[in-house]
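# Working through the structure, step by step
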Amino acid sequence: MVIGESHPLARTLSRLPSMIFQYRVEPDGACRYEYVNRAIEAIFGVTPDQALNDPMTIRGRMHPDDASQVQRYYEHCAASRTPLRLQYRIQHPGQGLLWVEEYAEPELLPNGAMLWHGQVFEITDYKILGSELSLSRARLREACDMAKLGHWEVDLRSDDVWWCHATYEMLGCDTSDFNPTSEEYWGRVHPDDVDRVKANHERTLKAKWPDIPTIEYRIRRSNGEFIWVIHRARVRFDDDGEPVQIFGTIQDISDRKQLEEALVESKSAADRANQFKSDFILGMSHELRTPLNAVLGFGQLLQYDPDLTTEQAICVEEIRAAGQHLLGLIDEILDLSKIETGRVELTISTEDCRALAEEAISLVTSLAEARQVRPELKVQDELQVDCDPMRLRQVMVNLLSNGIKYNRPNGAVTLTVSHDTDGTKDSVRIDVQDTGIGIPEDRIADVFRPFERLGRGHVEGTGIGLAISKKLVETMGGTLSVESKRGVGSRFSILLPPGNDVQSAEPSTPSVALNAERARGLVLHIDDSMTNLRLLQRVLSRLNDVDYMGSPTGSLGLDLATAYKPRLIFLDLELPDMHGFEVLERLRSMASTRHIPVVGLTARASAKDVSKGIEAGFDRYIGMPFDIDEVMAAIQAYMVDHDGDRP
């Protein structure tokens, strides 16, 4: 078949960058071009006459690695009488390396010659685009594999489902013998998740939203293993606004979920350890307070002895001071434990700054005198602050005490309270400035770390006061910072929200003027500690008309209360046979004992414990180690006959 330039196919192909040719191969192997069009110049860089005169000119333009392959392919198609189609490279003299695609159909002539009718297209741009597309696809596939990300489509009209290769791999399916369907996919979703995922789809389709909300769920692989995936999808709508297609992505997030579960478990383990630590500290606090109650209680009894010599009085004072210091350390550790577990309770109110500052200064005056340090106070008038007054006072006393302990003889510590603003927010600024030894610059960051002493072990303390102070200030909505210069001194600065209204300060309760000598009647003390029983007995022995009776168990205490009708009962909470609250409940339930005042006297002495005890029905609640004045105040309140009372 000969295609001339007037042939319709030739006219159509001539509009494309392609070469039309007829190539004849004789039975003896001789070959020549019967016809070539002018496109040969653009593709091969030779003229039609050159090709017609010497067919090897075309062969010479072929890439050396491809020429022999073209020859073998021609021979194979000639022998099998099949059309030829192949791509190969040529060396164009002006354009360099080009890619071409050749199509040819064989025609056997009567003399045995083979006439090839064909065309050659220059496809360099397509090869470049194809190579770039292949590279992009390879990169996309590699990225999807690395991200464990697959994509899919569902035709809502035909219910046809399409998965990409990554989706097949993610779900462990073989692309050669597996045809995905919607029913099969939903059957793979975990039974506990399938209703939630379907509802997510149905809600979106019903509302005709374009995007299906992202959702995480579990899905089963072909091997039965469940993996966690994150599902994102979008809906396509037709011109009538009806949904016709859903396409989306599915990503394996099992590793992330395992990490989240590990983090949750780690946090849970840390919380359990923290709770155990807190419970241990609370338990140890109770165990430490019981013997400390004896140390401080009997020490106070000795101080009341008028026959003590001066040296003995000094020794007793040392015992008392050491006991009070130990009690302070226990309270600090309890505070730190509560703060770390988020159980610290604050009561925020608007307070007068001057009253708080003056009280804080008064509480450190004796320490300042002993260390020969001068305390100074500077307070701006009519300044209020929003705070927990007890906690803020605790922080100021801690900062002042440190300023005194780390000072030098004849030095000063100054408490300054003033208004502060940064242009956008007003604050109350509380500065504690000392003239002490200062803090090394490279250690300032360690100041607020618990148990950090900065190498100053010669000064008494636990090293947790500043850590507690910082946490308390932050819990009250403020900040605590420090500036220091070695050999010059330090300044600790508190910033807190200013008060919004003036609250009249309630007058402080004066110390009880004890007049318990007129007390009379029987005191029943229920406590499992023989030391505590002996201590209270010794305290009450000073009162001539007060009788004492002790019980180491709750059941015996109930029997004694019923039989002897004491005028006052002191009750511990931790008893060997029943809890103190149960004893209290039974006392209140019996007509013969419900009128008897009951005072809690226990080492469970936190603010929460006190509140809980009062709510349970205690008339008073005294923590141990107890102060003798507190016990005497209870005696005076419930056992002293007033005018009109019983004789």
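In this report, the structure presented in the accompanying data block is examined. (Residues numbered from 1 in each chain as written. Predicted model: local features only at pLDDT ≥ 70, side-chain atom pairs only at ≥ 80, totals over all residues. Heavy atoms only, no water.)

### Structural notes on the overall build of the chain
Helix and strand counts for the chain come out as 19 helices and 22 strands. Burial analysis of the chain (647 residues in total) assigns 42% to the buried set. Summed over all atoms, the accessible surface of the chain reaches about 35,100 Å², with 51% contributed by carbon and sulfur. (Helix = DSSP H or I, 4+ residues; strand = E, 2+ residues; numbered from the N terminus. Buried < 20%, exposed > 50% of the residue type's maximum accessible area, 1.4 Å probe, protein only. Areas by Shrake-Rupley, 256 points an atom, 1.4 Å probe, with all protein chains shown as cover.)

### Looking at the pattern of salt bridges
In this structure the tally under the stated criterion is 29 salt bridges. Note that R89 and D66 form a salt bridge whose closest N and O atoms lie 2.9 Å from each other. Here the residue R89 occupies a position in strand β3 (residues 84-92), and D66 occupies one in helix α5 (residues 64-80), the gap between them amounting to 23 residues. Residue D66 is classed as buried on the basis of its relative accessible area of 7%. (Salt bridge = Lys/Arg side-chain N within 4 Å of Asp/Glu carboxyl O.)

### Brief notes about the nonpolar core
Grouped together as the largest cluster of nonpolar side chains are 39 residues, with contacts concentrated most on L392, F492 and I494. Only α12 (353-371), β13 (384-387), α13 (389-405), β14 (412-421), β15 (426-434), α14 (465-475), β16 (479-485) and β17 (489-496) provide two or more residues apiece to this core. Judged by nonpolar contacts, the second largest core, of 27 residues, contains M19, I43, A51 and V70. (Core = buried A, V, L, I, M, F, W, Y, C linked by side-chain atoms within 4.5 Å.)

### Some thoughts on α12
Across its 19 residues, α12 extends 26 Å between first and last C-alpha, which sits within 8% of the 27 Å expected from 1.5 Å per residue. At T365, α12 shows its maximal kink, close to 45°. Regarding α12, the residues found buried are C353, L356, A357, A360, I361, V364 and A368. Summarising the contacts, the buried residues of α12 are in contact with β11 (349-352), β12 (374-379), β13, α13, β14 and β15. Just downstream of α12, Q372 is the residue with a positive phi angle, here 60°. (Expected span 1.5 Å × (residues − 1). Bend = angle between axes of the 7 residues up to and from the residue. Contact = heavy atoms within 4.5 Å.)

### Side note on the sheet that holds strand β2 (residues 31-36)
Taken in spatial order, the 5 strands make up an open sheet running β2-β1-β5-β4-β3, and their pairing is antiparallel. Taken across any chain shown, the strands that pair with only one partner, and hence form the sheet edges, are β2 and β3. Neighbour-to-neighbour, the strand axes of this sheet turn through a mean angle of 30°, independent of strand direction. Two strands pair when backbone bridges link them, and β3 and strand β4 (residues 96-108) are joined in this way by 9 bridges, in the antiparallel orientation. Bridge pairing in β4 links L86 to E102. Each of β1 (18-25), β3, β4 and β5 (114-122) is contacted by α5, which is oriented at about 155° to β3, the strand it contacts most. (Pairing = 2+ DSSP bridges. Axes fitted to C-alpha atoms, helices over the stretch in contact; angles between N-to-C directions.)

### Let's talk about unusual backbone geometry
The omega angle of the peptide bond from M624 to P625 is 5°, so this bond is cis rather than trans. On the secondary structure map, P625 appears in the loop between β22 (620-623) and α19 (628-639). One non-glycine residue with positive phi stands out, namely Q372, at about 60°. On the secondary structure map, Q372 appears in the loop between α12 and β12. Assessed through its relative accessible area of 49%, Q372 is described here as partly exposed.

### Observations concerning the packing of aromatic side chains
Scanning all chains against the criterion turns up 11 aromatic pairs. A centroid spacing of 4.9 Å and a plane angle of 50° characterise the contact between Y23 and Y33, whose relative ring orientation is tilted. In this pair, Y23 is assigned in strand β1 and Y33 in strand β2, connecting sequence segments 10 residues apart. Here Y23 falls in the buried class, since its relative accessible area comes to 15%. Look at Y74 and W116: their rings are 5.0 Å apart centre to centre, the planes differ by 80°, and that puts the pair in the edge-to-face class. Here Y74, found in helix α5, pairs with W116, found in strand β5; they are 42 residues apart in sequence, far enough to count as distant. Note on W116: relative accessible area 1%, which makes it buried. Here a set of aromatic residues connected by ring pairs shows up, and it is made of F21, Y23, Y33, Y74 and W116. (Phe/Tyr/Trp six-rings, centres within 6.5 Å; stacked < 30°, edge-to-face > 60°.)

### Points about the sheet that holds strand β19 (residues 546-551)
On the basis of which strands lie adjacent, the open sheet formed by 5 strands has the order β19-β18-β20-β21-β22 and parallel pairing. Looking at strand neighbours, the two that pair on one side only are β19 and β22, the edges of this open sheet. Mean inter-strand twist for the sheet, computed between neighbouring axes without regard to direction, equals 20°. Pairing of strand β20 (residues 568-571) with strand β21 (residues 598-602), which is carried by 3 bridges, proceeds in the parallel orientation. When the bridges of β21 are listed, F570 appears paired with V599. The sheet contacts of helix α17 (residues 580-589) involve β18 (521-526), β20 and β21, and relative to β20 the element is tilted by about 160°.

### Digging into the environment of R256
If you trace the backbone, R256 turns up in helix α10 (residues 254-303). Given the relative accessible area of 33%, R256 is considered partly exposed. Sequence spacing of R256 and V229 is 27 residues, and the spatial spacing of their C-alpha atoms is 9.9 Å.

### Digging into the side chain of T593
Inspection of the secondary structure assignment puts T593 in the loop between α17 and β21. Setting aside residues no more than four positions away along its own chain, T593 makes contact with A561, T562, R586, L587 and R588.

### Brief notes about the packing of α13 against α14
The N-to-C vectors of α13 and α14 enclose an angle of 145°; their axes lie 10 Å apart at closest approach. Of the two possible hands of crossing, α13 and α14 adopt the one that is left-handed. Between α13 and α14, the residues in contact are R391, Q394, V395, N398, L399 and N402 and G465, L466, I468, S469, L472 and V473, respectively. Residues of the contact of α13 with α14, tallied by class, amount to 6 nonpolar, 5 polar and 1 charged. (Left-handed = near helix turned anticlockwise from the far one by under 90°. Nonpolar A, V, L, I, M, F, W, Y, C, P; charged D, E, K, R; others polar.)

### Topic: helix α9 (residues 194-207)
Between its terminal C-alpha atoms α9 stretches 20 Å, which fits the 20 Å expected from 14 residues at 1.5 Å a residue. For α9, the complete set of buried residues consists of V194, V197, N200, H201 and T204. The arc enclosing the buried residues of α9, seen along the axis, measures out at 135°, which places them on a common side. Along α9, the residues that are exposed and aim more than 90 degrees away from the buried face are D195, E202 and K206. Contact partners of the buried residues in α9: β6 (149-155), α8 (182-188), β8 (211-220), β9 (226-237) and β10 (243-252). (Arc of directions from axis to C-beta.)

### Section: the environment of P409
Inspection of the secondary structure assignment puts P409 in the loop between α13 and β14. Residue class for P409 comes out exposed when judged on its relative accessible area of 57%. Note: C-alpha distance between P409 and Q372 (37 residues apart in sequence) is 5.3 Å. Not counting the four nearest positions on each side in its chain, P409 is found in contact with R371 and Q372.

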